[in-house]
Amino acid sequence: MDVVVVGSCNIDLVSYVPRLPAAGETILGSKFSQGFGGKGANPAVMAARLGAKTALISMVGEDSFGREYKLDLIKNNIDISHVGATSKAATGVAPIFVNESGENSIVVVKGANESLTVENLMEAKDLIQNSKILLCNLEIDPKVTLEALKMAKSFNIRSLFNMAPATTGLDEYFQYCDILVINESEAEIITGMKVPGVEEAKTAAESVLEKGCQVVIVTLGENGAVVMSKGDKEAVHVPTPKVQAVDTTGAGDAFCGSLAVFLATRPELGLQESVYRANKIAGITVQSPGTQTSYPQWKDLPPELFGGEKLLKDG
Ligand code: RIB
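What follows concerns the site of the ligand. Taken together, 13 residues sit near the ligand, with D12, G38, K39, E139 and D253 positioned nearest. Interatomic distance of 3.0 Å between a backbone N/O atom of G38 and an oxygen atom of the ligand. Contacts to the ligand include D253, whose side-chain N or O atom sits 2.7 Å from an oxygen atom. In isolation the ligand has 280 Å² of accessible area, and contact with the protein removes 96% of it. Looking at the shell around the ligand, its residues break down into three nonpolar, six polar and four charged.

In structure tokens:
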């Protein structure tokens, strides 16, 4: 495998609204759609659509959502030999609101995702040991995520940890992960600092790096990302071209899946160039509605994204 993901499968229940509702308020939406989502399956689907050999370790419910989800993963060429089905809980769901600027607010009900156990992970040991990069997030039992990071480290497999949804008190996780990916709000939760822009994101990245991981990437939406590796004097800003967003749901997951593919299959590109290309792909996804429905296939992307010429211009 190029990419192995340990994480969640959710059914996204998306309502398009003029603005995000306030507490106690009822507002009228303009459209509803149901689709496949989850911070585990999303990067797996993105990686597979970029042509990477991809496997997912996950848990769905023994219900119609779970059955449909497994079929969809197969259609996306994802190895589901370690996607289980439990009768203990329903498949995870995520009610989502998307406003007219494409911004969202999401509630995740983990359901079956929480039934994925450390034992299930152990059963996938060979798969993890033979992968090039392991991705994980926090929409499953956090103990399983920590074990996955420990396993990757013990096998000398690179790990990419999307610390989402972020909480405090996760310091042990930093020492086991190679690449930590967080957005502005997650950086604020982890550091306790406000992160309204690039300069503050650089300061946050420096502070997070001291907690023990090898690389920190703070994603900043239309402002690109800030990247810092252990040993660097300072964090570097990697910009991204401006686009017109209609739905940003799953853009961070598309970024993580794409970055994993570039790091696993094109190591000669280096980290900053890989971040730039992954952000360009995430920028394409925000221009269409839906989560995985907005993820492109590699053949529909500009060929230069896979070429040898550097796309990130100096300065
Ligand atoms: O990151 C977007 C994802 O968050 C959605 O697909 C939803 O399921 C939640 O996991």
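From this point, things continue past the structure.
Of all five residues that make up strand β9 (residues 158-162), four are buried, and the element is covered over most of its length. With four bridges connecting them, strand β8 (residues 133-136) and β9 associate as parallel partners. If you follow L135 over to β9, its bridge partner there is L160. Once the chain exits β8 it traverses helix α5 (residues 142-154) before rejoining the sheet at β9, and the crossover so formed is right-handed. Alignment of β9 against strand β10 (residues 179-183), held across three bridges, turns out to be parallel. Residue pairing for β10: N162 is matched across the bridge by V181. With helix α6 (residues 171-176) bridging β9 and the parallel β10, this β-α-β connection has right-handed handedness.

In this section: helix α2 (residues 64-75). For α2, built from twelve residues, the straight-helix expectation of 16 Å at 1.5 Å per residue is met to within 8% by its first-to-last C-alpha distance of 17 Å. Taken together, the buried positions of α2 are occupied by G66, Y69, D72 and L73. Take α2 and look down its axis: the buried residues cluster within an arc of 125 degrees, on one side only. Those residues of α2 that are exposed and aimed more than 90 degrees away from the buried face are R67, L71 and K75. On its buried face, α2 is in contact with β2 (10-16), β3 (31-37), α1 (41-49), β4 (54-61) and β5 (78-86). Of the residues one or two after α2, N77 is the one with positive phi, at around 65 degrees.

Thresholds applied
- Residues numbered from 1 in each chain as written.
- Predicted model: local features only at pLDDT ≥ 70, side-chain atom pairs only at ≥ 80, totals over all residues.
- Heavy atoms only, no water.
- Near = heavy atom within 4 Å.
- Polar contact = N/O pair within 3.5 Å; in protein donor to acceptor, adjacent residues only side chain to side chain.
- Areas by Shrake-Rupley, 256 points an atom, 1.4 Å probe, with all protein chains shown as cover.
- Nonpolar A, V, L, I, M, F, W, Y, C, P; charged D, E, K, R; others polar.
- Buried < 20%, exposed > 50% of the residue type's maximum accessible area, 1.4 Å probe, protein only.
- Helix = DSSP H or I, 4+ residues; strand = E, 2+ residues; numbered from the N terminus.
- Pairing = 2+ DSSP bridges.
- Right-handed = clockwise from strand over helix to strand, strands pointing away.
- Expected span 1.5 Å × (residues − 1).
- Arc of directions from axis to C-beta.
- Contact = heavy atoms within 4.5 Å.

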